[in-house]
Amino acid sequence: MSSAAAVIIAILMLAAALAAATVQKLMHATLSFALALVGVAALFFLLGAEFVGLVLVFVYIGAVAVLIVFTILLTRRDVGNDRDANWGGALLAVAVFGGLTWAILKTQSVAIVAPHIRTLTVKRIGEALMTGYVWPLQCVGLLLTAALIGALVLVMEEKR
Amino acid sequence: MSRWIIGHLWLICAVPLAAALAILSLPNSRHKSAATLAVAGQIAALVMSFLAFLPTLQTPGFRVVQNFTWFAFGDNALQLGWLLDPLAAVMLTMITLVGLCIFIFSTGYMAGDKNFVRFFAYLSFFSGAMLGVVISNSLLLLFICWELVGLASYLLIGFWIERPSAAAAAKKAFITTRIGDMGFFVGLLWLYGRSGTLLFYNGGNGCLEGAGLAMVGASATSIALLIFCGAVGKSGQFPLHVWLPDAMEGPTPVSALIHAATMVAAGVFLVARVYPIFSLGAIEGVTSSLTVVVWIGVTTALMAALIAIAQADIKRILAYSTVSQLGLMMVSLGVGGVAAGMMHLLAHGFFKALLFLGAGSVIHGCRGEQDIRRMGGLRRLTPITFSTYAIGMMALSGVPLFFSGGWTKEEILHVTGKWPVSRLPYYLLMIGVVLTALYMTRQIIYVFFGDRRTGSQNAHESPRVMTMPLIVLASCAVLFSIVLTPAWPWLHDYLTDQSAQFEFARLIQPTLFLSLVLVGGGFALGIWMYRKAGIQDRARPAETDPLEFTQPGLFRFLENKMWIDELYVRTVIAFSWTSARFSDWMDRSFWDRLARGLGGIGQLFGIFTAGVDERGINAGIDETTIGTRGLGRLISGAHSGQIQTYLGVIAIGVLALLLFYAWLA
Amino acid sequence: MTLTLQVVLVVSAALFSTGLLAALSRRHAIFILIGIEMMLAAANLNFIAFWRFSPQSQPPVGVMIAIFSIAISAAEAAVGLALVIAVYRHYGTTNVDHLDQLKG
Amino acid sequence: MINQSIDGFLHPNVSKFVDQIFVNAKQWLISLLSWLPGAPVWVIQVASSLINIFALLFVFLTLFALMSVLERKILGRIQNRYGPNRVGPFGLLQPVADGIKMLIKEDIVPVRADKLVHFLAPILIAAAAILALGIIPYGRNMTPFTIDGGILFFFAVGSTTELAVFMAGWGSNNKFSMLGAMRAIAQMISYELPLIITVLPVVMVVGSLMPDRIVAAQAGYTFGLVPRWFVFTPWGAAAFILFFVSGLVESNRTPFDVPEGESEIVAGHMTEYSGFKYATFFMAEYIGMFAITGLAATLFLGGWHSPFFVLEFIPSYVWFFAKLSALLFVYIWLRGTLPRTRIDQIMNFAWKFILPMSFACLVAAAVWHYAGRGLRGWLWSFVVIAIIYTALSMLLDTRRKFAPRVYRFAE
């Protein structure tokens, strides 16, 4: 477990995330967001969950980022006039971060080293999905269709 | 046939009532058919009562009773019934016969009147009610018919509605009789309360029979006196007689039928009917109630006779004479001579009807003139009326031997003489007889003798239809005495359930001579006092009365009916007037103020609660609502619609949670 | 420095707070969505981290939950963006400050 | 177990040596590094991956150069004319010339373009394409990166190309490029789905997402003659064709090269690019093609397995690149012959025909598996495929239903 790699990736990811949060232009924010997500996927890889990483990349960068970009296209008119961030939010975010880290560092039970685990093969995930979690899988399927239809209806309204 | 009649006694009173209804339905113009209907009804009633009369002759002590239940309430039922006994039979025949004569007379007398039809309807209605009183076997049924009779008398007295005096007289008659009826009704209720039934004869336990009477027991005298009040009211005895003279406002046949023969006789008949109650617990025929009856009878007789002397109106004199004769009958009943009283009642019915009809034909002749001082010299102008009237006068004043009145009067004098309680009534009655003779001669002289005065200038004899009834009644007055003489006292024995034997020797009785003396004296006194009455005398103003001339004080006292009316006005009426005003005042001032006061209190209370409500509760509620709205606005401020603020709040929440844990740990 | 669970948690906390920063401080609706997505990603990171550092349970529960949460957040992103478009079309602006019609 | 059937014509050792020559070379290189004093473990890992990357790049860049020339020569031949023959013998040095031209050309960037996005787009596309190459097994033990979810990695990276294309379109701040980008994305997204679904039957049959496992599953010959490639199973054939067509669309090649249709919107999202950026776009396109065809080969054509028992002695990577070039030839062939299709036709074709058919392949694979994978399974799945194909074609047959042609213009 190369913790060095993890740290580097984490730093990259956080930088991209921070950029996404603060950069003025919306498009750049979206791209940096995508980059941040790639970083997260990489972290997943490091943590041994390749499949989830790939799914993350697949879902977020493949679909969500494109969706966001399309939305930006559709609402281009006022994207430019985004004023600077208001400091209240920033303060609050920092406070929350401080609180969380304090909580994490406080609880000793969490300071453990990664145990050796069997590599998580896609087969095992497949089995788990198909046996123990088959019902949630169906529900998520249903949810996704419903969400997509909903989104379509919302957006399609203009066609009439 | 007679068997059938006994079975259907109610038909006798039903036929005249039916006739009355039929006549009422006729339009006012049909005089002829109305008259025929009424007379036919009366004839039918006469025939039926005669048929009913026959069987009562065979068996002494004859009594037939038909009871039926009027209505049932709860477990006990109210029963009424029809009764036929000698008393009822005799009364039936007398009423129907006299009624028939009067009906025929009034067809002539009322010919000109535009309400002819209505008159005859009322007449037949009256006769039906009167017959009902006579044959009823229950005190309640008797009372019902009694009230109908009162109504009929009211309608008939006030027949000429347009004359205010007639209307007032009708009201007066009705109210005074009602006062008497109140007493009668209370007595009836009391009797019902005590004896449990109002049927007279009900196979042994009627209220007049052994069982019922026993139950009545102690309260017999008070019940009797209360019932006697009814009789006093209806027969015009002393305290309640004021209405009878004023009742003369009605047409003369009415006065004849009602105020001479039948209705006023009802009171006497009532006392005779419920005689057992009066005489319950009598010690040799004397009870306190009977003594009361005697004394009331005597006072009425004497007082009426005195007033009659000073009266100027021909009908008013007859009215007072009726009152005095009724007083006489009451005395005879009081002293125990029920049969004597009833016989006098029957005789009186005939000759008093005759006198009234005679007066009617005189008035008819003089074209409505009623004041005797303006009449005179009618002896030659109206010979038939004069002769019949003279017969009637003689019968009334009790001339012995030939006239029924004389025999019955002697009988009554004989019976009062034997009254153990006191002899005073005997002597007072003798004075009464003399006075009767006096005022009758005065009237005869004024009306028929002397020279003609203004009223009777061109008097003419009444038509045959009027004179025929006069003749019939006159003959009855005379022939009736056949059954009354002591030689063959058939009526007396019939009424007292004995069989009569003829015995000529008893004809002459000592009282015969006594009455001869009394009547003769009366005539002599009258002729002497009024010998110049009929003649125009310069010395005296035309209309002054010799008695007035000689004894102005006494005359005026008598003329004004002893100021009894004024006395009543000043006492009873004054009392009611003042009490009315007092209650009005009370109502207006005291109760009104009290109500308004209570209202005020209520209002006060209302104001108070309104105040509390207004300032206390409303204010409180308003404050709270304003408060809540303010709070609501405050909180809604938080909902600024800014999504970011919501997120911020959540973040703060997380922080707070963390801090809380930190604080806990 | 060895990679302990705490490090990963801190990293995910950092990611979470940057997501929060994005959501709180930016005016544009889409920024808020991006912020939310980041927060969700941080949550997934936590799941995987806990799965990785906890004793192995046969069905990899953490992973399962992560997978499902990714799916759901994708659906949510789709609907959210559709909403933003609809709002934009109706109100002509995506500036969150102006979209406060739900004001209390 | 995998390679026991290799001892073909040549002496087994010789063929094995030749086959594994590259693998041994790499091992040798790495061993060079090992004597460095106390090098940490990750240094060796980094070194090995670096070696792989360089080898990959070298091979595919030369292939790219060769391909560009060959394409133009073959097109020329198809269009009955000569291809480039001026530069070098038979024009083989043409790519060098193009390369130099690209480098020399001025790199023009639109003024109000989004500089950063404009600059990043080509880099992202090239990176994505090259990454995709990383997981394809070129020969026995010659898979640069053996990831458990290899196929999934391939598609995950594939999906980033859409974002990159959009960045290109958006960055150049030009209406036409924007439109081109839109079309490209719409097209790629529509065909990504069938691409993945056609892969599903193979993955399910093999039971693993690792390309090596898939290739291994296709070893062996039925009746000694026909190799057990998936393409010879009914559902495999159908899936292969669908995969191939989707691949074409994914890489915006000929029949479906609407985005950069020269006649309509100049070069689509690449209009505003010139010079070296355009070259990278160009290269990325070709490498994308290599990746798709490489995957097609591994999935359906048995990867580096030889078609005939007797020819087994020829090294595995030779077979792989032979299949690769065959498929590439078909690409170029198609480009030369088929006319460009309309964007709505592409869409309808994707959603109404290809998607249902890919589901049909899935069903057929299931039937094939449960019918015992033998001849009987083969027949049954063939029946299923045939039925569904005829039903779909009847349903979509537009010839009979003549309808007035509706021109829809942008409102």
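In short, a report on the structure. (Residues numbered from 1 in each chain as written. Chains lettered and ligands numbered in written order. Predicted model: local features only at pLDDT ≥ 70, side-chain atom pairs only at ≥ 80, totals over all residues. Heavy atoms only, no water.)

1. As for the overall build of chain A
Part 1 of the argument: Across its full length, chain A carries six helices and zero strands.
Part 2 of the argument: Going from the N terminus to the C terminus, chain A shows its helices and strands as α-α-α-α-α-α.
Part 3 of the argument: Contacts in chain A between residues far apart in sequence, at least 24 positions, make up 54% of those at least 6 positions apart.
Part 4 of the argument: In the form shown here, chain A has an accessible surface area of approximately 8200 Å², with 75% of it arising from carbon and sulfur atoms. (Helix = DSSP H or I, 4+ residues; strand = E, 2+ residues; numbered from the N terminus. Contact = heavy atoms within 4.5 Å. Areas by Shrake-Rupley, 256 points an atom, 1.4 Å probe, with all protein chains shown as cover.)

2. Comments concerning the overall build of chain B
Part 1 of the argument: On a plain count of helices and strands, chain B comes out with 27 helices and two strands.
Part 2 of the argument: The buried share among the 665 residues of chain B stands at 56%.
Part 3 of the argument: Taking the intrachain contacts of chain B between residues at least 6 apart in sequence as the baseline, contacts between residues at least 24 apart amount to 77%.
Part 4 of the argument: About 27400 Å² of surface is accessible on chain B, with carbon and sulfur atoms providing 71% of the total. (Buried < 20%, exposed > 50% of the residue type's maximum accessible area, 1.4 Å probe, protein only.)

3. A closer look at helix H15 (residues 314-334) of chain B
Residue and element names in this part refer to chain B.
Part 1 of the argument: Over its 21 residues, H15 runs 31 Å from end to end, which matches the ideal 30 Å to within 8%, given 1.5 Å per residue.
Part 2 of the argument: Taking burial as the measure, the 21 residues of H15 include 21 buried ones, the bulk of the element.
Part 3 of the argument: Sitting at the head of H15, aspartate 313 places a side-chain oxygen 2.8 Å from the backbone nitrogen of lysine 315. (Expected span 1.5 Å × (residues − 1). Polar contact = N/O pair within 3.5 Å; in protein donor to acceptor, adjacent residues only side chain to side chain.)

4. A word on the nonpolar core
All names here are of chain B.
Part 1 of the argument: Within the largest apolar cluster, 213 residues are counted, with the highest numbers of intra-cluster contacts made by Leu139 and Leu491.
Part 2 of the argument: Sort the elements by how many residues they give to this core and helix H16 (residues 338-365) lands first, with 17 residues.
Part 3 of the argument: When sequence neighbours within four positions are dropped, the list of residues in contact with leucine 491 reads Val90, Met343, Leu346, Phe480, Val483 and Leu484. (Core = buried A, V, L, I, M, F, W, Y, C linked by side-chain atoms within 4.5 Å.)

5. Remarks on the interface of chain B and chain A
Part 1 of the argument: Between chain B and chain A, the contact holds six residues from the first and seven residues from the second.
Part 2 of the argument: Together chain B and chain A conceal approximately 580 Å² of surface at their shared face, both sides included; 93% is due to carbon and sulfur atoms.
Part 3 of the argument: Linking chain B with chain A are zero salt bridges, by the criterion used here.
Part 4 of the argument: Residue composition of the side of chain B that touches chain A, by class: five nonpolar, one polar and no charged. (Buried area = accessible area lost by both parts, 1.4 Å probe. Salt bridge = Lys/Arg side-chain N within 4 Å of Asp/Glu carboxyl O. Nonpolar A, V, L, I, M, F, W, Y, C, P; charged D, E, K, R; others polar.)

6. A few points about the packing of helix H14 (residues 288-309) of chain B against H15(B)
All names here are of chain B.
Part 1 of the argument: Viewed as axis vectors pointing N to C, H14 and H15 meet at an angle of 160°, and their least axial separation amounts to 7 Å. The angle between H14 and H15 falls in the class roughly antiparallel. Here H14 and H15 pass one another in a crossing that is left-handed. Residues Leu290, Val293, Val294, Gly297, Val298, Thr300, Ala301, Ala304, Ala305, Ile307 and Ala308 of H14 touch H15, and the partners they reach there are Ile317, Tyr320, Val323, Ser324, Gly327, Leu328, Met330, Val331, Leu333 and Gly334. (Axes fitted to C-alpha atoms, helices over the stretch in contact; angles between N-to-C directions. Parallel < 35°, antiparallel > 145°, perpendicular 65-115°, else oblique. Left-handed = near helix turned anticlockwise from the far one by under 90°.)

7. What to know about the pattern of salt bridges
Oppositely charged side chains are able to pair whenever their charged atoms sit close together.
Residue and element names in this part refer to chain B.
Part 1 of the argument: Tallied over the full model, the rule gives 14 salt bridges over all chains.
Part 2 of the argument: A salt bridge links aspartate 181 to arginine 178; the shortest N-O distance between them is 3.6 Å. Taken together, the residues aspartate 181 and arginine 178, both in helix H7 (residues 164-195) and three residues apart, mark about one turn of the helix.
Part 3 of the argument: The salt bridge involving aspartate 584 is made with arginine 588; its shortest N-O contact spans 2.7 Å.

8. Examining the interface of chain C and chain A
Part 1 of the argument: Facing the 71 residues of chain C at the interface are 83 residues of chain A.
Part 2 of the argument: Considering only the surface of chain C that becomes buried against chain A, C:Gln6, C:Arg52 and C:Phe68 emerge as the three largest contributors, covering 10% of it.
Part 3 of the argument: Taken together, the links from chain C to chain A amount to zero salt bridges.
Part 4 of the argument: Our count for the chain C to chain A interface comes out at nine residue pairs in polar contact (both at pLDDT 80 or more).
Part 5 of the argument: Those elements giving two or more residues to the side of chain C that touches chain A turn out to be helix H1 (5-25), helix H2 (29-53) and helix H3 (61-91) of chain C.
Part 6 of the argument: For the side of chain C that touches chain A, the element with the most residues is H3(C), which contributes 23 residues.

9. Quick notes on the packing of aromatic side chains
Part 1 of the argument: Throughout the structure, instances matching the rule amount to 54 aromatic pairs over all chains.
Part 2 of the argument: With 5.2 Å between their ring centres and 85° between their planes, D:Tyr138 and D:Phe320 make a pair best called edge-to-face. Of this pair, D:Tyr138 sits in the loop between helix H5 (115-133) and helix H6 (150-171) while D:Phe320 sits in helix H12 (residues 316-337), placing them 182 residues apart in sequence.
Part 3 of the argument: Chaining the aromatic ring pairs together yields one cluster made of B:Phe103, B:Phe116, B:Phe119, B:Phe120, B:Tyr122, B:Phe159 and B:Trp160. (Phe/Tyr/Trp six-rings, centres within 6.5 Å; stacked < 30°, edge-to-face > 60°.)

10. Things to note about the environment of A:Leu12
Part 1 of the argument: Within the secondary structure, A:Leu12 is located in helix H1 (residues 3-22).
Part 2 of the argument: The sequence separation of A:Leu12 and A:Val40 amounts to 28 residues, and the corresponding C-alpha distance is 9.6 Å.

11. Regarding helix H26 (residues 564-638) of chain B
Residue and element names in this part refer to chain B.
Part 1 of the argument: Given a rise of 1.5 Å per residue, 75 residues ought to cover 111 Å, and the 104 Å separating the end C-alpha atoms of H26 matches this to within 8%.
Part 2 of the argument: By the largest-angle criterion, alanine 574 marks the main kink of H26, which is about 35°.
Part 3 of the argument: Restricting attention to buried positions, one finds in H26 the residues Ile564, Asp565, Met586, Ser589, Gly611 and Ser636.
Part 4 of the argument: In this structure, the buried side of H26 is in contact with H7, helix H10 (243-246) and H14. (Bend = angle between axes of the 7 residues up to and from the residue.)

12. Focus: unusual backbone geometry
All names here are of chain D.
Part 1 of the argument: Positive phi is not limited to glycine here, since asparagine 173 has a value of about 45°.
Part 2 of the argument: Examined against the element boundaries, asparagine 173 turns out to sit in the loop between H6 and helix H7 (175-206).
Part 3 of the argument: On the basis of relative accessibility, which here comes to 38%, the residue asparagine 173 falls in the partly exposed class.

13. Side note on a negative patch on the surface
Part 1 of the argument: A surface patch of negative charge is lined by B:Asp613, B:Glu614, B:Asp622 and B:Glu623.
Part 2 of the argument: Within the element layout of this structure, B:Glu623 appears in helix H26. (Patch = residues over 30% accessible without salt bridge, like charges linked within 9 Å, V, L, I, M, F, W, Y side chains within 5 Å. Lys, Arg positive; Asp, Glu negative; His and termini not counted. Charge placed at Lys NZ, Arg CZ, Asp CG, Glu CD.)

14. Things to note about a nonpolar patch on the surface
Residue and element names in this part refer to chain D.
Part 1 of the argument: On the surface, a nonpolar cluster with roughly 630 Å² of combined accessible area is contributed by Trp28, Leu29, Leu32, Leu33, Trp35 and Leu36.
Part 2 of the argument: With respect to the helices and strands, the residue tryptophan 35 is situated in the loop between helix H2 (21-34) and helix H3 (41-78).
Part 3 of the argument: Of the residues examined, tryptophan 35 reaches a relative accessible area of 63% and is grouped as exposed.

15. Structural notes on the packing of helix H6 (residues 139-157) of chain B against H7(B)
Residues and elements named next belong to chain B.
Part 1 of the argument: The N-to-C vectors of H6 and H7 enclose an angle of 175°; their axes lie 9 Å apart at closest approach. The orientation of H6 with respect to H7, classified from their angle, is roughly antiparallel. The segment H6 lies against H7, with Leu139, Leu140, Leu142, Phe143, Trp146, Glu147, Gly150, Leu151, Tyr154 and Ile157 engaging Ala166, Ala169, Ala170, Lys171, Ala173, Phe174, Arg178, Asp181, Phe184, Phe185, Leu188 and Leu191.
Part 2 of the argument: Class assignment for the residues of the contact of H6 with H7 results in 17 nonpolar, one polar and four charged.

16. A short note on the pairing of strand S2 (residues 76-84) of chain B
All names here are of chain B.
Part 1 of the argument: The pairing of strand S1 (residues 64-73) with S2 spans nine bridges and is antiparallel. Following the sheet pairing, valine 65 is matched in S2 by leucine 83.
Part 2 of the argument: Joining the antiparallel neighbours S1 and S2 is a turn of two residues, in which glycine 74 adopts a positive phi near 65°. (Pairing = 2+ DSSP bridges.)

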